[in-house]
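Next come the chains, spelled out residue by residue.
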Amino acid sequence: MTSASSVAQPPLNLELVRSAFPSLGSDWIFLDNAGGSQIAQPVIDRLNDYLLTSNVQLGASYAVSQQASQRLAQANQAAATFINAADPSEVVMGPSTSLLLRILAYCLGQTLQPGDEIIVTNCDHEANITPWLDLQRQGIVVKFWSICPQTLTLPLNDLAELLTNKTRLVALTHASNVLGTLNPIRQIADWVHSCGALICVDGVGYAPHRLIDVQALDVDFYVFSYYKVYGPHHALLYGKREHLLPLPSFNHSFITPDSLPYKLQPGGANYELSYSTLGILDYLEQLVDQPETLTPRDRWVQAFDRISRHEEALSRRLLDFLTSQPNVSVIGETTPDRQIRVPTVAFTVANTDSATLPPQLDKHQIGIRYGDFYAKRLINALGLADQNGVVRVSLVHYNTLAECDRLIAHLEPLLSA
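Conventions we followed
- Throughout, a residue's number is its position along its own chain's written sequence, starting from 1.
- At least 70 in pLDDT is required for a residue's local features to be given in this predicted model, at least 80 for side-chain atom pairs to be given and counted, and no such filter applies to totals for whole chains, interfaces and linings, which use all residues.
- Only hydrogens and water are set aside when side-chain values are computed; all heavy atoms of the structure are taken into account.
- UniProt positions are given in the numbering used here, feature names are shortened, and annotations may be inferred rather than shown by experiment.
- To qualify as a helix, a DSSP run of H or I must reach at least 4 residues; to qualify as a strand, a run of E must reach at least 2; elements of each kind are numbered from the N terminus.
- Here the term buried applies to any residue with accessible area under 20% of the maximum for its type, exposed to any over 50%, and partly exposed to those in between, with areas from a 1.4 Å probe on protein chains only.
- Identification of polar contacts relies on pairs of N or O atoms within 3.5 Å, with a donor-acceptor requirement for protein atoms, meaning one able to donate a hydrogen and the other able to accept it, and with residues adjacent in sequence counted only if both atoms are side-chain atoms.
- Note on definitions: a residue-residue contact is assigned when non-hydrogen atoms from the two residues lie within 4.5 Å.
- A pair of strands is labelled paired if DSSP reports no fewer than 2 bridges between them.
- Axes here refer to lines fitted to C-alpha atoms; in helices the fit is confined to the stretch in contact. Angles between the N-to-C directions go from 0 to 180 degrees.

**Considerations on the UniProt feature "domain: Aminotransferase class V" (unreviewed entry) in the protein**
And step 1. Per the UniProt record, "domain: Aminotransferase class V" (unreviewed entry) is found at residues 29-249 and 303-407.
And step 2. Taken end to end, residues 29-249 is 34% helix and 17% strand, and its two terminal C-alpha atoms sit 44 Å from one another.
And step 3. Annotation note: span residues 303-407, helix share 37%, strand share 18%, distance between end C-alpha atoms 27 Å.

This is the structure in structure tokens:
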């Protein structure tokens, strides 16, 4: 059978896409999607169905409880297939990426010794920095892998100098929630593993735009938030089973360390939200031609290929405009190439407080945002804190070129004022 990724795909059916998001029927243009995407109707359908027909505790003998248990098992298996995990026990559900990374750092920290080293970056969301810094209290050495101020990339040679035989973990982002730049995770994972260390990747900025394959990336831990991938306020932590098993339980004292993933889900994962994530896959199936002839993974590869090509066109429209403005500095890559970036675009305007721009677009019902986006260390490193950070336009595949043009039409007078 021909692979879905080896054949040129038709363009994304935007009419179909937008019809799947009820909130897009309003007059607002949502361009703050990196903060949280709109929710797809199939997710809402799954959520409602669970609450109306199986909203009971798991594990009892009666039929409705058995149905609820089966639905949660189905959700975990589907999540594992979605990210290409080897086993559903490698999928931990939780309320947010920030909390899941806190749990991981707390548990992993108990397996480390004073003098062990962890490497973090200065361009990540703080969720993948602070939990590791907190381990310094027990004698763990935390080193910073800093972004190059000229290229705004993480120099691989600098990582090589930071890695030692005491390195136990490297934590970094897959795609910056400010820069939009894609990091070469597999290449970095190979370097990290060659030193006997583990790698933990924050995929929040990547997951809405590309299909995740944890086995191809060979990551040890990977985390992302469903509420930025067209779903509910819920999150997923992947960990290789061989690394999750040695971790102490974060749950009740009688929950044994081999109880995966439950030992890392105190109180259990939210049932209805976990089940509703199946709706994301229901939605992706709608974007594919003749889905019955393809495996699930091939269907999702095809869907995300169409998504990323459309998003590249959106990036091109916006970046072409911004780079043509003499007072504007794009913070990050100025190319729209989907192999290099996702359509999360940050910029500053000379002699302008970034906080002054988004409110002027509110009256036109265009939602964008300014600030540091919890990547405070990056904003400080770039000397942009006094300017109130950056203005960020974060696009996803349900946005249109017409929406980009509407943004540009109202933004242009503000840039030349």
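**A closer look at the environment of S324**
And step 1. Here S324 shows up in the loop between helix 12 (296-323) and strand 9 (328-330).
And step 2. Judged by relative accessible area, which is 46%, S324 ranks as partly exposed.
And step 3. Of the polar contacts made by the side chain of S324, one reaches the backbone oxygen of F321; its length is 2.6 Å.

**Digging into the side chain of R210**
And step 1. Inspection of the secondary structure assignment puts R210 in the loop between strand 6 (198-202) and helix 8 (214-217).
And step 2. Judged by its relative accessible area of 11%, R210 falls in the buried class.
And step 3. Polar contacts involving the side chain of R210 include one to the main-chain carbonyl oxygen of R341, which spans 3.3 Å.
And step 4. Sequence-distant contacts of R210, defined by excluding residues within four places in its chain, comprise L182, F304, S308, E311, R338, R341 and V342.

**A few points about unusual backbone geometry**
And step 1. Geometrically, the link from L260 to P261 is a cis peptide bond, its omega value of -5° lying close to zero.
And step 2. Despite not being glycine, Q365 has its phi angle at roughly 60°, a positive value.
And step 3. Along the chain, Q365 turns up in the loop between helix 13 (358-362) and strand 11 (366-367).
And step 4. When its relative accessible area of 29% is taken as the criterion, Q365 is described as partly exposed.
And step 5. Despite not being glycine, F373 shows a phi value in the positive range, around 55°.
And step 6. Summarising the element assignment, F373 is placed in the loop between strand 12 (369-371) and helix 14 (376-381).
And step 7. Residue F373 is classed as buried on the basis of its relative accessible area, which comes to 9%.

**Regarding the sheet that holds strand 9**
And step 1. Spatially, four strands are ordered 9-10-13-12 in an open sheet, and the strand pairing comes out antiparallel. One side of each edge strand has no neighbouring strand; the edge strands of this open sheet are strand 9 and strand 12. Strand-to-strand, the axes of this sheet are offset by a mean angle of 35°, without reference to chain direction.

**What about the sheet that holds strand 6?**
Strand pairing within a sheet occurs via backbone hydrogen bonds; the two strands may be parallel or antiparallel.
And step 1. Read across the open sheet, the seven strands follow the order 2-8-7-6-5-3-4; overall the sheet is mixed. Since the sheet does not close on itself, it has two edges, and those belong to strand 2 (91-94) and strand 4 (141-145), each with one partner. Shown here is a sheet whose adjacent strand axes are inclined to one another by a mean of 15°, direction ignored.
And step 2. The sheet contact formed by strand 5 (residues 167-173) and strand 6 spans five bridges and is parallel. By the bridge assignment for strand 6, A171 is matched with C200.
And step 3. Sheet strands touched by helix 4 (residues 97-109): strand 2, strand 5, strand 6, strand 7 (221-225) and strand 8 (235-239). Its angle to strand 7, the strand with the most contacts, is close to 155°.
And step 4. Docked against the sheet, helix 7 (residues 185-194) engages strand 4, strand 5 and strand 6, running at close to 155° with respect to strand 6.

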